[in-house]
Amino acid sequence: MDLGVRWTLHGDGRTPAPGAVVRPDERLSWPRTAGLGAQHVVAMFGASFVAPVLMGLDPNLAIMMSGVATIVFLLATRGRVPSYLGCSLSFVGVAAVIRAQGGSSATVTGAVFVVGAALFLVGLAVRRFGARIIHAAMPPIVTGAVVMLIGFNLAPVTASTYWPQDQWTALFVMLFTGLAVVCLRGFWSRIAIFLGLVFGYALSWALDRIFGKIHSADASGKVTDHWRLDLSGVGQADWIGLPTLHGPSFEWSAILVALPVVIALIAENAGHVKAVGEMTGDNLDDKLGTAISADGVGSMLSTAVGGPPNTTYSENIGVMAATRVYSTAAYWAAAGFALLFGLCPKFGAVVAAIPGGVLGGITVILYGMIGLLGAQIWINAKVDLRNPLNLVPAAAGIIIGVGNVSMEFTDTFSLSGIALGTLVVITGYHALRAFAPAHLKTQEPLLDEGTSSYDTGGTEGDQRAKS
């Protein structure tokens, strides 16, 4: 059985020829492949650092399990879809809501485990029936609105938790990160979040040396005198050791909050597979269902031991575009490096020491970017917001999600924020569509240009037979 772990040497193994690319089943020399793998790890570091910290989970375990998830993904797709699976930021808001309701880390990972299982089942359905089932149930207006409310629901976390810890550091980190994203080119722009973290560390250290302790809220919310950058835990941490593991705990209230994120993950995977297919020149339509299922399995494995969920990373697409190297061997190397980092507790202690002000500056941009991805989905699909059939459910759901509106059904059961907003968008759209006049139901094709071939065949087997 071909697992996609055999690669032919590209040219002389040094650099791609002018105009040529290193295909997924090719590789450069092993030292260069290892170097590219390290570059992929650096590219995903920024978001993968921030995600577990914001979710209150072990960053060492997060990095290690991202390597495991990447290996699972590469094996499942038979090495045809070069991709790194890093920690998903889409669940940060979910984790914040669950913890605000009194949930523990086990409750968070239990809820996310169920989302991973749901994503796995969606992938199986796509393999069997084709991607049309996704777009029939969740057209772009629905998908975009859900992604938007998930991102913007996080605004109060930045405003009330991170920014007040050190407003001036937050401001300067925000400005630096924004400049890095906009002004830097190529690989450097892809690691702008990582550069923002490094800048924030250095700035916090310098401010501590110059001005001493700051009088503000600390990570627990208590106003006190404290150092901006506290590295005491780094010195106490070992160089080698296993990360902290814990099992998931399942609570219906937490699961209902987390389930809407499956919509964002489906959109991320579909966009990733499409982008990689266009870059490599391969028709990867037949791998969409497998990619979605593999992402679900990777998230289930991670959350089963106490880690965060994973998703495909656009940062690594940028690295491939800049280097023209699409070899999956580089991703195997990246996964290996991630496993090694996960076994270094001192590395995790450095990540856990990220100052609150630094997180404030970065999350202002990061959370906003997550929300605006929803708008990008609308733009790409040419969603007409002049149509009240699109406008009404999206408007209502977004306000409910962003404003954290709550509905109490009984003394022990309620829906609010992300869960309620998603429910309003999905049910509202389909209910209104059932009663809307015919002229409002005219819409763009269910799949945008470049993926319309899903409508020409049902299963992955059908697609392979036609190719």
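Structure shown above.
Residues numbered from 1 in each chain as written. Predicted model: local features only at pLDDT ≥ 70, side-chain atom pairs only at ≥ 80, totals over all residues. Heavy atoms only, no water.

Quick word on the overall build of the protein
Then step 1. When its secondary structure is counted, the protein shows 21 helices and eight strands.
Then step 2. A burial count over the protein gives 52% of its 467 residues as buried.
Then step 3. A separation threshold of at least 6 residues defines the contact pool for the protein, and within that pool the share at least 24 residues apart is 78%.
Then step 4. Counting only carbon and sulfur atoms, one obtains 65% of the accessible surface of the protein, whose full area is about 19900 Å². (Helix = DSSP H or I, 4+ residues; strand = E, 2+ residues; numbered from the N terminus. Buried < 20%, exposed > 50% of the residue type's maximum accessible area, 1.4 Å probe, protein only. Contact = heavy atoms within 4.5 Å. Areas by Shrake-Rupley, 256 points an atom, 1.4 Å probe, with all protein chains shown as cover.)

Notes on the side chain of Asn269
Then step 1. By the element assignment, Asn269 lies in helix α13 (residues 261-280).
Then step 2. Polar contacts involving the side chain of Asn269 include one to the main-chain carbonyl oxygen of Leu265, which spans 2.8 Å.
Then step 3. Sequence-distant contacts of Asn269, that is, excluding residues within four places in its chain, are made with Leu119, Leu288, Ala291, Ile292, Asp295, Thr311 and Thr312. (Polar contact = N/O pair within 3.5 Å; in protein donor to acceptor, adjacent residues only side chain to side chain.)

Focus: the pattern of salt bridges
Then step 1. For the structure shown, the criterion picks out four salt bridges.
Then step 2. Among the salt bridges present, the one from Asp166 reaches Arg228, with a minimum N-O distance of 3.2 Å. A residue pair is termed long-range when its members are at least 10 positions apart, and Asp166 in the loop between α7 (155-162) and α8 (167-183) and Arg228 in the loop between β5 (223-226) and α11 (232-236) qualify at 62 residues.
Then step 3. You can call Asp166 buried: its relative accessible area is 6%.
Then step 4. Note that Arg228 and Asp208 form a salt bridge whose closest N and O atoms lie 3.0 Å from each other. Placement of the pair is Arg228 in the loop between β5 and α11 and Asp208 in helix α10 (residues 192-211), with a sequence separation of 20 residues. An identical accessibility class is assigned to Arg228 and Asp208; each is buried.
Then step 5. Residues participating in the shared-partner salt-bridge network are Asp166, Asp208 and Arg228. (Salt bridge = Lys/Arg side-chain N within 4 Å of Asp/Glu carboxyl O.)

Some thoughts on the nonpolar core
Then step 1. Within the largest apolar cluster, 94 residues are counted, with the highest numbers of intra-cluster contacts made by Val50 and Tyr367.
Then step 2. Here Val50 is in contact with Leu89, Ile193, Leu197, Leu359 and Leu366, once residues within four sequence places are set aside.
Then step 3. Counting five residues, the second largest nonpolar core, distinct from the first, contains Leu28, Leu36, Val325 and Ala330. (Core = buried A, V, L, I, M, F, W, Y, C linked by side-chain atoms within 4.5 Å.)

Some remarks on helix α3 (residues 92-100)
Along an α-helix, a turn takes 3.6 residues, which lines up residues three or four apart on a common side.
Then step 1. For α3, the complete set of buried residues consists of Val92, Gly93, Val94, Ala95, Val97 and Ile98.
Then step 2. Among the residues trailing α3, Gly102 stands out with phi positive, at a value near 95 degrees.

Concerning helix α4 (residues 105-129)
Then step 1. In this model α4 runs 36 Å from its N-terminal to its C-terminal C-alpha over 25 residues, within 8% of the 36 Å that 1.5 Å per residue would give.
Then step 2. Here α4 has its buried residues at Ala106, Thr107, Val108, Thr109, Gly110, Ala111, Val112, Val115, Gly116, Leu119, Gly123 and Val126. (Expected span 1.5 Å × (residues − 1).)

Points about unusual backbone geometry
Then step 1. Here Arg78, not a glycine, exhibits a phi torsion of approximately 55 degrees, which is positive.
Then step 2. Positionally, Arg78 belongs in the loop between α2 (59-76) and β3 (85-87).
Then step 3. According to the relative accessible area criterion, Arg78 is partly exposed, its value standing at 31%.
Then step 4. Look at Lys382: it is not a glycine, yet its phi comes out positive at around 55 degrees.

Quick word on the packing of α7 against helix α18 (residues 356-381)
Relative placement of two packed helices is described by the angle separating their axes and the distance separating the axes.
Then step 1. Contact pair α7 / α18: the axes reach a minimum separation of 9 Å and the direction vectors enclose 165 degrees. When the interaxial angle is binned, α7 and α18 end up roughly antiparallel. In this structure, α7 crosses over α18, and the sense of that crossing is left-handed. Across the interface between the two elements, Val157, Thr158 and Tyr162 from α7 touch Gly356, Gly357, Leu359, Gly360, Thr363, Val364 and Tyr367 from α18.
Then step 2. Counted by class, the contact of α7 with α18 contains five nonpolar, five polar and no charged residues. (Axes fitted to C-alpha atoms, helices over the stretch in contact; angles between N-to-C directions. Parallel < 35°, antiparallel > 145°, perpendicular 65-115°, else oblique. Left-handed = near helix turned anticlockwise from the far one by under 90°. Nonpolar A, V, L, I, M, F, W, Y, C, P; charged D, E, K, R; others polar.)

As for the packing of aromatic side chains
Then step 1. For the coordinates displayed, the defined rule picks out three aromatic pairs.
Then step 2. Plain terms: the ring middles of Phe113 and Phe250 are 5.9 Å apart, the flat faces sit at 70 degrees to each other, and that makes the pair edge-to-face. Taken as a pair, Phe113 in helix α4 and Phe250 in the loop between α11 and α12 (252-258) lie far apart in primary sequence, 137 residues in all.
Then step 3. Here Phe176 and Phe199 contribute two aromatic rings whose centre-to-centre distance is 4.3 Å and whose plane-to-plane angle is 5 degrees, an arrangement assigned as stacked. Residue Phe176 is found in helix α8, and its partner Phe199 is found in helix α10; the two are separated by 23 residues along the sequence.
Then step 4. Residue Phe199 is classed as partly exposed on the basis of its relative accessible area, which comes to 27%.
Then step 5. In this structure, Arg209 is placed above the aromatic ring of Trp227, and the distance from its NZ or CZ to the ring centre is 5.7 Å.
Then step 6. Looking at Lys346, its charged tip hangs above the ring of Trp239, at a distance of 5.1 Å from the centre. (Phe/Tyr/Trp six-rings, centres within 6.5 Å; stacked < 30°, edge-to-face > 60°. Lys NZ or Arg CZ within 6 Å of the ring centre and 35° of its normal.)

What to know about a nonpolar patch on the surface
Then step 1. Together, Leu385, Leu391, Val392 and Leu432 make up a nonpolar patch on the protein surface, roughly 300 Å² of accessible area in all.
Then step 2. Tracing the backbone shows Leu391 in helix α19 (residues 388-403).
Then step 3. Of the residues examined, Leu391 reaches a relative accessible area of 40% and is grouped as partly exposed. (Patch = residues over 30% accessible without salt bridge, like charges linked within 9 Å, V, L, I, M, F, W, Y side chains within 5 Å.)

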